[in-house]
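Listed below, chain by chain, are the residues.
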Amino acid sequence: MLKQTLQQKLLQKLSPQQIQFIKLLQVPTVSLDARIKEELEENPALEDGSLTNMNEPADDYPDKDPEEDFTSEDSGIDEEFSVDEYIQEDDYRDYGGGYDHDDEDGKKEMPIAVQNSFFENLQDQLDLLALSDKDYLIGQQIIGSLDDDGYLRRPLLSLIDDMAFAQNVIAEEHEVEEILKLVQEFDPAGIGARNLQECLAIQLRKKDQNNPLIQQATLVVDHYLDEFTKKHYEKIEKQLGVNSEELRDIVGEILKLNPKPGDSGAVAGKQLQIIPDFHISNNDGVLHLTLNGRNAPELRVSRSYQEMFAHYEKAEKTDKKMREAVQFVKQKLDSAKWFIDAIKQRQQTLLKTMNAIMEYQYEYFLTGDDRMLKPMILKDIADRIEMDISTVSRVANSKYVQTEFGTFLLKSFFSEAIQTESGEEVSNKEVKKILEECINNEDKRKPLADEKLTEILKDKGYSIARRTVAKYREAMNIPVARLRKEL
């Protein structure tokens, strides 16, 4: 038997405009251009003002109050349409004029070095070898199977199966092994190795084999690599019959080798992708914040769509097709307005958030000293700008600021508080900075253990547990004392 019930619920839903703003807010500057181009392609009522003739009058809708929340919803075709809502004599060349942004720097294109990729360089070297068609295909298969760091981690039998099924090439394991040895002679040295030991051995083989130091280094890599990685130097000295001075030279020769021969080009390419969203300059002790000009695109509502809407507004709406045309044009005009509003609100939110961070960490941005960072959490900034913590998080997790001492992710300025013995609250960044200085100045023959580092911090007034010291050390990618030992 069916039972009818009455249930009351209180729900909170975001409007489509608010969702659009949230998505735009978390988009970094490097991806904003692509997002705007995508919107321009999807909505013909939206135009890029920088591509239009600046001599033509820009007929756009009036600026919306940036403080006003997005509450408008799609309206039905029976509502009264007003042409004046869309057609105004408003010069959109001043779009974004209410925001302080750096047009000159923002318009510059990021220079990208044009060079062959890692795999293209290997392919060029393969082309120089006098190989049969079969051996050439084997060489191509090997190069295509290398990882980004230059290692061949797939078994040779898997390569043989791939060539048999995909290219109808039947090869024996010894044939693949011979071509692999040729590939391992390519530059950079160490390419095609199947493990770290083979990678280091390949690089040592390309050095002077008559040099006793190279011979000893090869011996360590071939037979005592495990002891070397764990820094059990006493065992290696005993096995090789050398003293600490001689072992220091041997270890130094091994440390010159590249454990990831295929990684250098990829790292350089990734570093080019960071584009700062903000710039902070120091003018005689006064900080000045500017927004990257890429965040202030010149967008406007299409004049042709405005005129089309004006034409349809005056026409009779009794015809179904005409009513559908009016609805379509109005929908595109509304979408263009909402997108421009979202971009403008994004600008304001970015500036408001970054300005609050700059004011909170003013001493740090003046000096660049990590010890000047104050304890700061998302709620501190959210309370200052009177916005939700999630909004601050979206800004901090994906935006960068360029200062006179480097470019940093906004998230790096947030840190938890630690109380000193005097009762003063300091940032854990300050403790990490002191830890780093202690480790950099330690005697590398007798590195400081975590217990000793804890005692040093207590002497400086920072009473924290050893496990906390270990957590901070690991966060800074600093190994334990045993692995920091040097000869």
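Here, the structure is the one placed above.
Remember, predicted model here, so these are calculated numbers, not experimental data.

Participant: Any chance you could explain the overall build of the protein chain here in plain terms?
Facilitator: When helices and strands are counted, the protein chain shows 21 helices and nine strands. Looking at the protein chain residue by residue over its 487 residues, the buried ones come to 40%. A separation threshold of at least 6 residues defines the contact pool for the protein chain, and within that pool the share at least 24 residues apart is 69%. About 28,100 Å² of surface is accessible on the protein chain, with carbon and sulfur atoms providing 47% of the total.

Participant: Please explain the side chain of Asp450 as it appears in this structure.
Facilitator: By secondary structure assignment, the location of Asp450 is in helix α20 (residues 450-459). For Asp450, a relative accessible area of 12% corresponds to the buried category. Apart from the residues lying within four places of it in its own chain, the contact partners of Asp450 are Arg466, Val469, Ala470 and Arg473.

Participant: So what exactly am I meant to see when it comes to the packing of helix α2 (residues 29-42) against helix α15 (residues 320-360) here?
Facilitator: Each pair of packed helices can be described by the angle between their axes along with the distance between the axes. Interaxial distance between α2 and α15 falls to 11 Å at its minimum, and their mutual angle equals 170 degrees. It follows that α2 is roughly antiparallel to α15 by the angle criterion. In this structure, α2 crosses over α15, and the sense of that crossing is left-handed. Facing α2, whose interface residues are Thr29, Leu32, Arg35, Ile36, Glu39 and Glu42, α15 presents Lys332, Ser335, Phe339, Ile343 and Arg346. Looking at the contact of α2 with α15, its residues break down into four nonpolar, two polar and five charged.

Participant: I tried to follow unusual backbone geometry on my own but got confused; where do I start?
Facilitator: Across the chain, the bulk of peptide bonds are trans and the bulk of non-glycine residues have phi less than zero. For the peptide bond that leads from Asp187 to Pro188, omega is 0 degrees, which places it in the cis range. Of note, Pro188 is situated in the loop between α7 (173-183) and α8 (196-205). Of note, Glu386 is a non-glycine position whose phi angle comes to about 55 degrees, a positive value. Note that Glu386 resides in the loop between α17 (378-385) and α18 (389-396). Take Glu386: its relative accessible area is 73%, and that puts it in the exposed class.

Participant: Before we go on, may I ask you to explain the pattern of salt bridges in this structure?
Facilitator: Close approach of charged atoms lets side chains of opposite charge pair. Summed over all chains, the structure comprises 17 salt bridges. Residue Glu198 is joined to Arg194 by a salt bridge in which the shortest nitrogen-to-oxygen separation is 3.1 Å. According to the relative accessible area criterion, Glu198 is buried, its value standing at 19%. The partly exposed category is assigned to Arg194, whose relative accessible area is 32%. Residue Lys379 is joined to Asp383 by a salt bridge in which the shortest nitrogen-to-oxygen separation is 2.9 Å. Of this pair, Lys379 and Asp383 both sit in helix α17, separated by four residues, roughly a single helical turn.

Participant: Can you walk me through the packing of aromatic side chains in this structure?
Facilitator: Where two aromatic rings form a pair, the distance of their centres and the angle of their planes describe that pair. Summed over the entire model, instances satisfying the criterion amount to six aromatic pairs. Considering the side-chain rings of Phe405 and Phe408, the 5.9 Å spacing of their centres and the 45 degrees angle between planes classify their relative orientation as tilted. We classify Phe408 as partly exposed; its relative accessible area is 24%. Taken together through their ring pairs, the aromatic side chains of Tyr364, Phe365, Phe405, Phe408 and Phe413 make up a single cluster.

Participant: Would you take a moment to explain the side chain of Gln203 for this structure?
Facilitator: Its place among the elements puts Gln203 in helix α8. Residue classification places Gln203 among the buried residues on the basis of a relative accessible area of 8%. The contacts of Gln203, once residues within four sequence positions are left out, are Ala189, Gly190, Leu257 and Asn258.

Participant: Teacher, can you tell me more about the pairing of strand β3 (residues 278-283) here?
Facilitator: Looking along a regular strand, one sees side chains alternate from face to face of the sheet. Here six bridges tie β3 to strand β4 (residues 286-292), and the two strands are oriented antiparallel to one another. The partner of Asn283 across the bridge, within β4, is Val286. The turn joining β3 and β4, which pair antiparallel and follow one another in sequence, is formed by two residues; a positive phi near 55 degrees is taken by Asp284. Strand direction decides the pairing type here: β3 and strand β6 (residues 400-403), joined by two bridges, are parallel. Residue His279 lies in a different strand from β6, and its bridge partner there is Gln402.

Participant: So what exactly am I meant to see when it comes to the nonpolar core here?
Facilitator: Counting residues in each nonpolar core, the largest one holds 43 residues, and the members touching the most others are Met354, Ile357, Phe365, Ile381, Leu410 and Phe413. Per-element tally for this core: the top contributor is α15, with 14 residues. Excluding its chain neighbours within four sequence positions, the residues that come into contact with Ile357 are Phe365, Met376, Ile381, Leu410, Phe413 and Phe414. Core analysis: the next-biggest nonpolar cluster, separate from the first, contains 20 residues, Leu152, Val176, Leu180 and Val183 among them.

Participant: Where do I start with the environment of Leu25 in this structure?
Facilitator: As for its position among the elements, Leu25 is in helix α1 (residues 16-25). Residue Leu25 is classed as buried on the basis of its relative accessible area of 1%. Taking C-alpha positions, Leu25 is 8.3 Å from Ile343, a pair spaced 318 residues apart along the chain. With residues near it in sequence (within four places) discarded, Leu25 still touches Arg346, Thr349, Leu350, Thr391, Arg394, Val395 and Lys399.

How each quantity is defined
- Residues numbered from 1 in each chain as written.
- Predicted model: local features only at pLDDT ≥ 70, side-chain atom pairs only at ≥ 80, totals over all residues.
- Heavy atoms only, no water.
- Helix = DSSP H or I, 4+ residues; strand = E, 2+ residues; numbered from the N terminus.
- Buried < 20%, exposed > 50% of the residue type's maximum accessible area, 1.4 Å probe, protein only.
- Contact = heavy atoms within 4.5 Å.
- Areas by Shrake-Rupley, 256 points an atom, 1.4 Å probe, with all protein chains shown as cover.
- Axes fitted to C-alpha atoms, helices over the stretch in contact; angles between N-to-C directions.
- Parallel < 35°, antiparallel > 145°, perpendicular 65-115°, else oblique.
- Left-handed = near helix turned anticlockwise from the far one by under 90°.
- Nonpolar A, V, L, I, M, F, W, Y, C, P; charged D, E, K, R; others polar.
- Salt bridge = Lys/Arg side-chain N within 4 Å of Asp/Glu carboxyl O.
- Phe/Tyr/Trp six-rings, centres within 6.5 Å; stacked < 30°, edge-to-face > 60°.
- Pairing = 2+ DSSP bridges.
- Core = buried A, V, L, I, M, F, W, Y, C linked by side-chain atoms within 4.5 Å.

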